[in-house]
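# Structural description and commentary
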Amino acid sequence: MNCDENHILFIPGIRLSDYLTSFKVVGGLTEPIDNIEEAASDSDCSSEDLIKTVANVKYDPLPEYFISMETWIQKTNLKCLYCTAEILGMPWPLVTGMEPPKSHIDRPEHKKGIMAYKVRGLCCSPPCMINYIDQFADLHIRDKANVKRMCAQTVSILCGQTYKSIPSGENRMRLDCFIGSSGMTVADLSAANKKIWKQYIETIKCFQ
Ligand SMILES: [Zn+2]
């Protein structure tokens, strides 16, 4: 049996099939599988058969606004808008505009007339944000320089340190899913961009 499977946490009372929709591909035809545990132990599942699993992940909602460091989320299961890596730790908000937070109409920050940054997506590192802005034709990003400036502002708020700009990172065209085995994995690219950011903030510190 050829059964590629992601890491799975076995929790009492939780079945694999609660999280996965499975298909058995036989002779080019796809058949849904009701019970993946039974199918996996099925002796008829020969090496020519392939069980594919599609994760039914429930993703967190994307925060509508970035308002302050105190109110910003510390984790998410949404993926990086640029490199698609899992975001380990605090996500960085890619913001595209400013407006009074309409959805917070009954909250104190709205009553105080506070402007909020409109969140377009989340990134694993600030360099991924800059790469996204530079490389993607996103209708929400008309003025790239202005969006980069706003992103530098939110990064500065989150870091408690003023950064006028953010360096760009490794290009996702280096990913192995595009160029094969000579490329980087998504996790490697994410780590490389985090390292670029870390080195950048260390360099800024040296000049202060
Ligand atoms: Zn990323």
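Residues numbered from 1 in each chain as written. Predicted model: local features only at pLDDT ≥ 70, side-chain atom pairs only at ≥ 80, totals over all residues.

## Here's the deal with the overall build of the protein chain
- From N to C terminus, the protein chain includes seven helices and six strands.
- Along the protein chain, from the amino end to the carboxyl end, the secondary structure elements read α-β-β-α-β-β-β-α-β-α-α-α-α.
- In the protein chain, which comprises 208 residues, the proportion classed as buried is 25%. (Helix = DSSP H or I, 4+ residues; strand = E, 2+ residues; numbered from the N terminus. Buried ≥ 20, exposed ≤ 12 C-beta atoms within 10 Å, placed from the backbone.)

## A short note on the confidence of the model for the protein chain
- Averaged over the protein chain, the pLDDT score is 82; the fraction of residues at 70 or greater is 68%.
- The secondary-structure element of the protein chain with the lowest mean pLDDT is strand β3 (residues 50–55), recorded at 52, while helix α4 (residues 126–135) shows the highest, at 98.
- Within the model, the stretch residues 1–8 combines pLDDT values under 50 with eight contacts to residues more than four positions away or in other chains. (pLDDT = per-residue confidence, 0-100. Contact = placed C-beta atoms within 7 Å.)

## Brief notes about the nonpolar core
- Formed by 29 residues in total, the largest nonpolar core has its most connected members in C80, L94, C123, C128, M129 and Y132.
- Listing elements by their share of this core, those giving two or more residues are β4 (65–66), β5 (92–99), β6 (116–123), α4 and α5 (144–159).
- When sequence neighbours within four positions are dropped, the list of residues in contact with C128 reads C80, Y82, C83, C123, G169 and N193. (Core = buried A, V, L, I, M, F, W, Y, C linked by C-beta atoms within 7 Å.)

## Observations concerning the sheet that holds β6
- Ordered by their spatial adjacency, three strands build an open sheet running β4-β6-β5, and the pairing between neighbours is antiparallel. Each edge of the open sheet is held by one strand with a lone partner, namely β4 and β5.
- Here seven bridges tie β5 to β6, and the two strands are oriented antiparallel to one another. Across the sheet, W92 pairs through a bridge with C123, a residue of β6.
- Contacting β5 and β6, α4 runs over the sheet at an angle of about 55 degrees to β5. (Pairing = 2+ DSSP bridges. Axes fitted to C-alpha atoms, helices over the stretch in contact; angles between N-to-C directions.)

## So, α4
- Where burial is concerned, most of α4 is hidden: eight out of the 10 residues are buried.
- Of all the positions in α4, only P126, P127, C128, M129, I130, N131, Y132 and I133 are classed as buried.
- Where α4 is buried, its residues touch β5, β6, α5 and α7 (186–206).

## Section: the environment of K102
- Mapped onto the fold, K102 is located in the loop between β5 and α3 (108–111).
- Placed 13 residues apart in sequence, K102 and M115 show a C-alpha to C-alpha distance of 9.8 Å.

## Some thoughts on the packing of α4 against α7
- At their nearest, the axes of α4 and α7 sit 7 Å apart, and the two run at 110 degrees to each other. The orientation of α4 with respect to α7, classified from their angle, is roughly perpendicular. Two secondary-structure elements touch here, α4 through P126, P127 and C128 and α7 through N193, I196 and W197.
- Split by residue class, the contact of α4 with α7 holds five nonpolar, one polar and no charged. (Parallel < 35°, antiparallel > 145°, perpendicular 65-115°, else oblique. Nonpolar A, V, L, I, M, F, W, Y, C, P; charged D, E, K, R; others polar.)

## Here we look at the packing of α4 against α5
- Remark: α4 packs on α5, axes separated minimally by 10 Å, with the N-to-C direction vectors making an angle of 165 degrees. Taken together, the axes of α4 and α5 lie roughly antiparallel to each other. The way α4 lies across α5 gives a crossing that is right-handed. In this structure, α4 uses P126, M129, I130, I133 and D134 to contact α5, whose residues at the interface are K144, V147, K148, C151 and V155.
- Tallied by class, residues from the contact of α4 with α5 come to seven nonpolar, no polar and three charged. (Left-handed = near helix turned anticlockwise from the far one by under 90°.)

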